[in-house]
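Each chain is listed here by its residues.
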Amino acid sequence: MKMKFWVTGTVALALGAVGCQPPDPEPEEVAEVTARRSGDLVRNMGTSMRTLSNFSALEMLTEVASSVGGLGNMSGGVQGMSITGMAEEAPLPVPGVPDETTSQAQAALVEKYLRERIFIEANVEETKGSSTTFRITGEDLCSDGSTPADPACVAEVDRYELRIRATNKGDKGLDLELLFGPNRAEPLSLSFSDVRVGMIVDLGGVKDTVTLLSPETKLPRVMVGRVELALTSRGPRDVELQTSILDVLSLEWDAAAGAYAFSTAKASPLFETKVWQKDGANQARMALNLGTTEIRAPYSGAKAEFAGKPYVFSLSGLSYEMEAQEGSEALTVAHLGLGEAQSYLALGEHTLTTVDLNALSGRHFDLHVEKGADGLAVLSVRPEFDLSVFTDMGPLSAEADGGASSGGSGQSFHVRLSGGEAPSVRSVPANTSTGFPGGLQVVSGELSVAVNESRVTVPATKCLVRERTTTTEPTTGVGFAARDCQ
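So, how was this worked out
- Residues numbered from 1 in each chain as written.
- Predicted model: local features only at pLDDT ≥ 70, side-chain atom pairs only at ≥ 80, totals over all residues.
- Heavy atoms only, no water.
- Pairing = 2+ DSSP bridges.
- Helix = DSSP H or I, 4+ residues; strand = E, 2+ residues; numbered from the N terminus.
- Axes fitted to C-alpha atoms, helices over the stretch in contact; angles between N-to-C directions.
- Contact = heavy atoms within 4.5 Å.
- Expected span 1.5 Å × (residues − 1).
- Buried < 20%, exposed > 50% of the residue type's maximum accessible area, 1.4 Å probe, protein only.
- 1 Å grid on protein atoms, 1.4 Å probe; cavity = no way out; pocket = protein on both sides within 12 Å on 5 of 7 lines; lining within 4 Å.
- Points joined across faces, edges and corners; volume = space filled by probe spheres on them.
- Nonpolar A, V, L, I, M, F, W, Y, C, P; charged D, E, K, R; others polar.
- Phe/Tyr/Trp six-rings, centres within 6.5 Å; stacked < 30°, edge-to-face > 60°.
- Lys NZ or Arg CZ within 6 Å of the ring centre and 35° of its normal.
- Polar contact = N/O pair within 3.5 Å; in protein donor to acceptor, adjacent residues only side chain to side chain.

Novice: Is there a simple way to think about the sheet that holds strand β19 (residues 350-357) in this case?
Specialist: Each strand in a sheet pairs with another by means of backbone hydrogen bonds, the pair being arranged parallel or else antiparallel. Reading across from one edge, β7-β10-β11-β14-β15-β18-β19-β22-β23-β26-β27 is the order of the eleven strands in this open sheet, with antiparallel pairing throughout. Sheet topology places β7 (222-224) and β27 (454-458) at the edges, where each strand pairs with a single neighbour. For this sheet the average axis-to-axis angle between neighbouring strands, irrespective of direction, equals 5 degrees. The sheet contact formed by strand β11 (residues 258-264) and strand β14 (residues 293-298) spans four bridges and is antiparallel. If you follow Ser-263 over to β14, its bridge partner there is Glu-294. Contacting β7 and β10 (249-255), helix α7 (residues 203-213) crosses the sheet at an angle of about 135 degrees to β7.

Next comes the structure, spelled out in structure tokens:
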């Protein structure tokens, strides 16, 4: 119960006050406006999540990814590489969706906190100009008032000397600043209008605050950057959630094995989800725009040539834009890509793995999914899908006697769907009566899969199927073969 009240109280603070307040507002006025608007936000967000969960096109996309991924790993392929990049293991994430009763209960609890425990006369510490400062104690946050607060939770909260300074911004709404400690450090700020709540976290401010209030807490040596979470709600059928990286994020920390580092580029927005209604039909949009991201980790193996050199994983980016309409069986995922350059994994000066997507065709593609007359989903791409992966783990391996690494260890994997205006494929189920094992049919264009020097090419109307071999049958070397879809 201790954490339940702490988390709920923090959510209440984050969703807090909205609206335009006159100078020096009375606590009761602040509480009423904040509770009403925050409750509306929680209810509207719940309604939008339930609406999103009913989009059949999103469900179809998950099913298609799973069925195509069911072709499995390529025997003889590139060290566990799946033809769909492990789509079966990582389907489209579907968050838990609160039902109507749960949404109403959550909204009521937020309203209760704000009206009865946060913005109350007893918590007013200072009024100055257009700002009012509220002193928040553990008794306020660690219980909703129906049960006694946990003493350990109260002591933990009180240790941080938490305050909230509410500032009237006129027509622009209200700003809240969370103040910690006797010096009133400000690692977190919130801005509110009648329809939007924005929360900005400054990692540098968080580090300074935690270091001041809890010196024994171990934090990364470097914490730099700001992140914003913004929620805009104009009604139960018009809600938008955005996450942005306002400045380059950088984290560096030390461990027994050596130094670690993480960084990612500015992205505004990084991720957004919007649900709205147009001409009586529910619409949804999701988009991701991750910039260049790099992770560094120390080498801890026994090879002297790599001592002191880091592993470096560099992802050039990750992006997509997706719109869907409730009741529609069609879906387009646009601008799918892995950034504007090659992604790679390296150890020191040696490149272990490289990944290129559509390197010769703009590094992005559009994916369209739509069910055909037979009920099978057809996936088409524009202009093409061209994925190349190369790995060379030789420098990390050694002969049995501990000598030099073996040569010729590099492996390449290449899959390309191309030809025509929008080459397309569909997953065809197995047919027990004919013995067809199930596979991926090329509806238009041409599909080729290559592992090292071995290649399988599948023309239109044919299927890519898992290769079944005996000791007397030749193999393609890639683990798959082309055959009729029957």
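Novice: It is not clear to me how helix α4 (residues 100-118) should be interpreted in this structure. Could you clarify?
Specialist: Note: α-helices contain 3.6 residues per turn, so residues at a spacing of three or four share the same orientation. For α4, built from 19 residues, the straight-helix expectation of 27 Å at 1.5 Å per residue is met to within 8% by its first-to-last C-alpha distance of 26 Å. Three or more residues of α4 are buried, namely Ser-103, Ala-107, Leu-109, Val-110, Glu-111, Tyr-113, Leu-114, Arg-117 and Ile-118.

Novice: Please explain empty space enclosed by the protein as it appears in this structure.
Specialist: Gaps left between atoms show up when a probe the size of a water molecule is rolled over them. All told, the structure shown has one cavity of 30 Å³ or more when counted by the stated rule. Lining the largest cavity are Leu-338, Gly-339, Ala-341, Val-355, Asp-356, Leu-357 and Arg-363. Each residue belonging to the lining of the largest cavity can be placed in one class, and the counts come to four nonpolar, one polar and two charged.

Novice: Help me out: how do you make sense of the packing of aromatic side chains in this one?
Specialist: How two aromatic rings sit relative to each other is set out by the distance from centre to centre and by the angle between their planes. Within this structure, the stated rule accounts for five aromatic pairs. The interplanar angle of 80 degrees and the centroid separation of 4.9 Å between the aromatic rings of Phe-119 and Phe-134 together place this pair among those described as edge-to-face. On the criterion of sequence distance, the pair formed by Phe-119 in the loop between α4 and β1 (124-128) and Phe-134 in strand β2 (residues 131-135) is long-range, its members being 15 residues apart. Since its relative accessible area comes to 2%, Phe-119 is described here as buried. Look at Tyr-299 and Tyr-311: their rings are 6.1 Å apart centre to centre, the planes differ by 55 degrees, and that puts the pair in the tilted class. Taken together, the residues Tyr-299 in the loop between β14 and β15 (310-315) and Tyr-311 in strand β15 connect sequence positions twelve residues apart. Residue Tyr-299 is classed as buried on the basis of its relative accessible area, which comes to 12%. On the basis of relative accessible area, Tyr-311 is assigned to the partly exposed category, the value being 26%. Feature note: the residues Tyr-299, Phe-306 and Tyr-311 constitute an aromatic cluster, connected by ring pairs. Arg-159 extends its terminal NZ or CZ atom over the ring of Tyr-160, reaching a point 5.0 Å from the ring centre.

Novice: What am I meant to see in the side chain of Gln-441 here?
Specialist: Relative to the assigned elements, Gln-441 resides in strand β25 (residues 439-444). A distance of 2.7 Å separates polar atoms of two side chains, one belonging to Gln-441 and the other to Arg-426.

On their own, these measurements won't tell you what the molecule is for.
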